[in-house]
Protein chains: 2
Amino acid sequence: MAKNNQKMVAEITSMNEDFAKWYTDIVKKAELIDYTSVKGCMVIRPYGYAIWERIQRILDDMFKELGHENVCMPMFIPESLLNKEKDHVEGFAPEVAWVTHGGSEKLEERLCIRPTSETLFCEHYANIIHSYRDLPKLYNQWVSVVRWEKTTRPFLRSREFLWQEGHTIHETAEEAVNETEQMLNCYAEFCEKYLAMPVVKGMKTESDKFAGAVSTYAIEALMHDGKALQAATSHYFGDGFAKAFDIQYTNRENKLCYPHQTSWGATTRLIGAIIMTHGDDNGLVLPPAVAPIQVVVVPVAQHKEGVSDKANELYNKLKESGLRVSIDDSDNSPGWKFSQAEMKGIPLRVEIGPKDIENSSCVVVTRHNREKTVVSLDEICEVAKQKLIEVRDGMYEKALKNRENKTYSCKTLEEITSALEEKGDGFVKAMWCGDEECEDKVKEVTGVGSRCIPFEQEQISDVCVCCGKPAKKMVLWAKAY
Amino acid sequence: MAKNNQKMVAEITSMNEDFAKWYTDIVKKAELIDYTSVKGCMVIRPYGYAIWERIQRILDDMFKELGHENVCMPMFIPESLLNKEKDHVEGFAPEVAWVTHGGSEKLEERLCIRPTSETLFCEHYANIIHSYRDLPKLYNQWVSVVRWEKTTRPFLRSREFLWQEGHTIHETAEEAVNETEQMLNCYAEFCEKYLAMPVVKGMKTESDKFAGAVSTYAIEALMHDGKALQAATSHYFGDGFAKAFDIQYTNRENKLCYPHQTSWGATTRLIGAIIMTHGDDNGLVLPPAVAPIQVVVVPVAQHKEGVSDKANELYNKLKESGLRVSIDDSDNSPGWKFSQAEMKGIPLRVEIGPKDIENSSCVVVTRHNREKTVVSLDEICEVAKQKLIEVRDGMYEKALKNRENKTYSCKTLEEITSALEEKGDGFVKAMWCGDEECEDKVKEVTGVGSRCIPFEQEQISDVCVCCGKPAKKMVLWAKAY
């Protein structure tokens, strides 16, 4: 039985053998999701949803600390409302789901299910904003949105996904730009501090902007396989939406003006990013801040007298200290339990058996590097808390080192091609003249597309990697999810 | 200016003049909702959504304490999946919204937007449940659902509404029945303790059951206008869904069995119930546990030296003590500020002016009964906390007394008619033979329908109020939202 179970746990594909299969194995075996008969949609199971709840709680607290308030808009957008902003509808209309019937009656006007909610927020703002006294409005909502994708993958791209969308409206362009930057920094801080995931902050090129935005900012993370993942975005809209939706306010000089808007979002994709940044061939590796279970207590030789009691005592002690703890006192073998705890990515495993009890100690094993420490039972709570801080730091360093090893500065297209061939996929830093033709050609020739124009610039060379004309900016290029 | 504003605040219709208009005025003027161009759907504004967030947090903690876990199912249900359980589809198909197109392509199979998610949970359970070791599953989700209602009213009946839906699956019928009862008790405790709203627990009659349920339990509250509002429901399904969806497990005797299921839900309707249980002609009256702001500090004569500083000091002190506090230091008159705080239903108002400061005191006014107390500044935090407990108790007593005054025990249809005519709408307690014909006739003749068969029975008479045959149960009858 134990043997069979061990085999079950170890059944995941190795990352190097087939990265996509490794990913799918983890989302299934760690019980994050289940497939459904609804094509392109998934069930987020308790263990996966608990990660999202942690992400929500932390981000929501950060947003509120910055003065944002939560609201809830309808999930439907009438076709005529979606059509009001030209760029926006062109960007989204091809991929929306349409509701045409309510009960047995055909609707007079089709409703799309929100792919994003700028249009609904604008309609509401037009109702409630009249004077500069009504500004700013700093709103956010936690909902699901629908985009009719052709190919889908759990967490990374699905027809329905969970997210938050912030929508703010301000007196001045400057205020709105500040908000856009502030929220990008907020996301970056969240990813680095709580997800132990290093990110590059930057601006999207013109061709990669959000439909209707003046400028789009993004944070980009590098996955184990050398592909980039956009972890969150933040958009500055100028007054384009305000004009399209006729949102005007009386300013301090008693003149009618258009306000300036932003939006910003992060999604359940972050769970995919966690998997592909930290996971290994034994399964998930979860950052302590979002791990549903931070510590699992595993009794060893639990049939022996006193072991089970002592393990439960330890479990209660850790729980009372405020940690998220579980105990695996099932009939399975310790080996199976260890594998299971690794598959689930629990940051700390605490083993306790007859010999440990004799010495009034236990063994603490960190998931991300399998380091073992013997710890006195008297000190376990303090040590566990300290270890969790070290785990976050260790995970971050490991991910950062991985990114550094896979970041290549290149001066020519040939350098890009050979770097990718020799060292594998990764981030390419190369100069760009600002011309969309060159942007397209880099992708065509080398396979990597522009991810962002990093805020932190380096002067890799004086000329565009593609055309040789004077360079304007350093761009970060990569294949991407 | 101040005068104009005061007029604005006072502009709501009196409850006795037009109850429906009074209700609509409050949801608008207290800034709970805004209307949209999406017919039958609403924007829940920050103040309204903050109430829902408080409700969510408290209920979610209660559910988790009882061992439930959150998940997330897709918002779509393929038509063939919805059709699997006969009673269920008959109940819901007439009122679902249908998605027929994704982008520009017509879907092969229509998808409805979930009106409730039994079918999706069942599909998932069939995937993951194989052995008694996999049972029970105690799942819940916080989502929105869609029902294509003809006539809608904010919070009470809208085409999209927010709710939680618990779905559990158990080895035995007994366990499932216990769960159904436990969750009804959980809702009742929540309403009474946190919303200060007395409820009657009972079972729905056959004709009023949830589509697909063996039995439906509900809690019923009485609104100011004497109409009943169903505040939450809990359903026992037996093994009907399990059979329809082929969910089987190997039991402890190694035999294949069908498990037993439940579901239970509460919605944003609870906000409507709060308004109509506690509100008055000055606006909302919020129970302290779910009030976004529990205390508002209002400086009086704030232009005078020291007032503004002292008011802010008081605000900070209250905030640091853990209360949800705001300060109204706007340029409006104290009268306007008082009216505004009353409209928003803030449980406690703390006034502080030059004379109070001289005496090192302030004036605390409770919203629900306008009682004024002079409180020493040194003791304000302790007193405010004590007052909030008293406010909850006072609100509960007031609502209970209102319900008692409007509850009539009747032995004949004539007694029902004359009680309602003389004393106004309310709860009617009357005996019933169990026959659906009598149930229908009571409604036809008197206008009140069966709300539930209360768990707490009384022997009003020995015979049915309608036909005079031996009575089986006492039923609670009322007009209803």
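Residues numbered from 1 in each chain as written. Chains lettered and ligands numbered in written order. Predicted model: local features only at pLDDT ≥ 70, side-chain atom pairs only at ≥ 80, totals over all residues. Heavy atoms only, no water.

### Section: the relation of the copies chain A and chain B
Okay, so step 1: With an RMSD of 0.0 Å, the operation that places chain A on chain B is a rotation of 180 degrees combined with a shift of 0.0 Å along the axis. Classification of the inter-copy transformation places it as that of a two-fold axis. The position closest to the rotation axis in chain A is occupied by the C-alpha of A:Val99, lying 2.1 Å away.
Okay, so step 2: Comparing interface residues between copies, 100% of those in chain A also sit at the interface in chain B, which points to an isologous, same-surface contact. (Least-squares fit on C-alpha atoms with pLDDT ≥ 70 in both. Contact = heavy atoms within 4.5 Å.)

### What about the pairing of strand 9 (residues 200–203) of chain A?
All names here are of chain A.
Okay, so step 1: Here strand 9 shows one buried face, formed by Val200 and Gly202, and one open face, formed by Lys201 and Met203.
Okay, so step 2: Across four bridges, the pairing between strand 9 and strand 10 (residues 215–222) is antiparallel. Bridge pairing in strand 10 places Lys201 opposite Ile219.
Okay, so step 3: For strand 9 and strand 22 (residues 449–454), the ladder comprises two bridges, and the chain directions are antiparallel. Each residue of the ladder has a partner; that of Gly202, found in strand 22, is Pro454. (Buried < 20%, exposed > 50% of the residue type's maximum accessible area, 1.4 Å probe, protein only. Helix = DSSP H or I, 4+ residues; strand = E, 2+ residues; numbered from the N terminus. Pairing = 2+ DSSP bridges.)

### Looking at the packing of helix 14 (residues 413–423) of chain B against helix 15 (residues 436–446) of chain B
All names here are of chain B.
Okay, so step 1: Between helix 14 and helix 15, the least distance of the axes is 10 Å, while the angle of their chain directions is 40 degrees. Accordingly, the angle class assigned to the pair helix 14 and helix 15 is oblique. In this structure, helix 14 crosses over helix 15, and the sense of that crossing is right-handed. Taking contact as the criterion, the partners of Leu413, Ile416, Thr417 and Leu420 in helix 14 are, on helix 15, Val442, Val445 and Thr446.
Okay, so step 2: Grouping the amino acids of the contact of helix 14 with helix 15 by side-chain chemistry returns five nonpolar, two polar and no charged. (Axes fitted to C-alpha atoms, helices over the stretch in contact; angles between N-to-C directions. Parallel < 35°, antiparallel > 145°, perpendicular 65-115°, else oblique. Left-handed = near helix turned anticlockwise from the far one by under 90°. Nonpolar A, V, L, I, M, F, W, Y, C, P; charged D, E, K, R; others polar.)

### Digging into the interface of chain A and chain B
Okay, so step 1: Across the boundary between the two partners, chain A contributes 55 residues, which contact 55 residues of chain B.
Okay, so step 2: Summing the contributions of chain A and of chain B, the shared interface buries around 4,400 Å²; its carbon and sulfur component is 58%.
Okay, so step 3: Run the count over chain A and chain B and you get four salt bridges.
Okay, so step 4: For A:Lys150, the salt bridge is made with B:Glu105, and the minimal N-O distance between the two is 3.1 Å.
Okay, so step 5: Counting every contact that joins chain A to chain B gives 23 residue pairs in polar contact (both at pLDDT 80 or more).
Okay, so step 6: Grouping the amino acids of the side of chain A that touches chain B by side-chain chemistry returns 31 nonpolar, eleven polar and 13 charged.
Okay, so step 7: Two strands pair when backbone bridges link them, and strand 5 (residues 97–102) of chain A and strand 5 (residues 97–102) of chain B are joined in this way by five bridges, in the antiparallel orientation. Bridge pairing links A:His101 to B:Trp98 in strand 5 of chain B. (Buried area = accessible area lost by both parts, 1.4 Å probe. Salt bridge = Lys/Arg side-chain N within 4 Å of Asp/Glu carboxyl O. Polar contact = N/O pair within 3.5 Å; in protein donor to acceptor, adjacent residues only side chain to side chain.)

### With respect to the side chain of A:Thr13
All names here are of chain A.
Okay, so step 1: With respect to the secondary-structure elements, Thr13 resides in the loop between helix 1 (2–9) and helix 2 (19–29).
Okay, so step 2: Polar side-chain contacts of Thr13 include one of 3.4 Å to the side chain of Lys21.
Okay, so step 3: A polar contact is formed between the side chain of Thr13 and the side chain of Asp25, at a distance of 2.7 Å.
Okay, so step 4: Residue contacts for Thr13: discarding those within four places in its chain leaves Asp18, Lys21, Trp22, Asp25 and Asp281.

### Considering the packing of aromatic side chains
Okay, so step 1: One pass over the full model with this rule turns up 32 aromatic pairs over all chains.
Okay, so step 2: Residues A:Phe76 and B:Trp148 carry aromatic rings whose centres are separated by 5.7 Å and whose planes lie at 80 degrees to one another, so their mutual orientation is edge-to-face. Linking A:Phe76 in strand 4 (residues 76–78) with B:Trp148 in the loop between strand 7 (137–146) and strand 8 (160–170), this pair reaches from one chain into another.
Okay, so step 3: Taking the relative accessible area as the measure of exposure, B:Trp148 reaches 12% and is therefore buried. (Phe/Tyr/Trp six-rings, centres within 6.5 Å; stacked < 30°, edge-to-face > 60°.)

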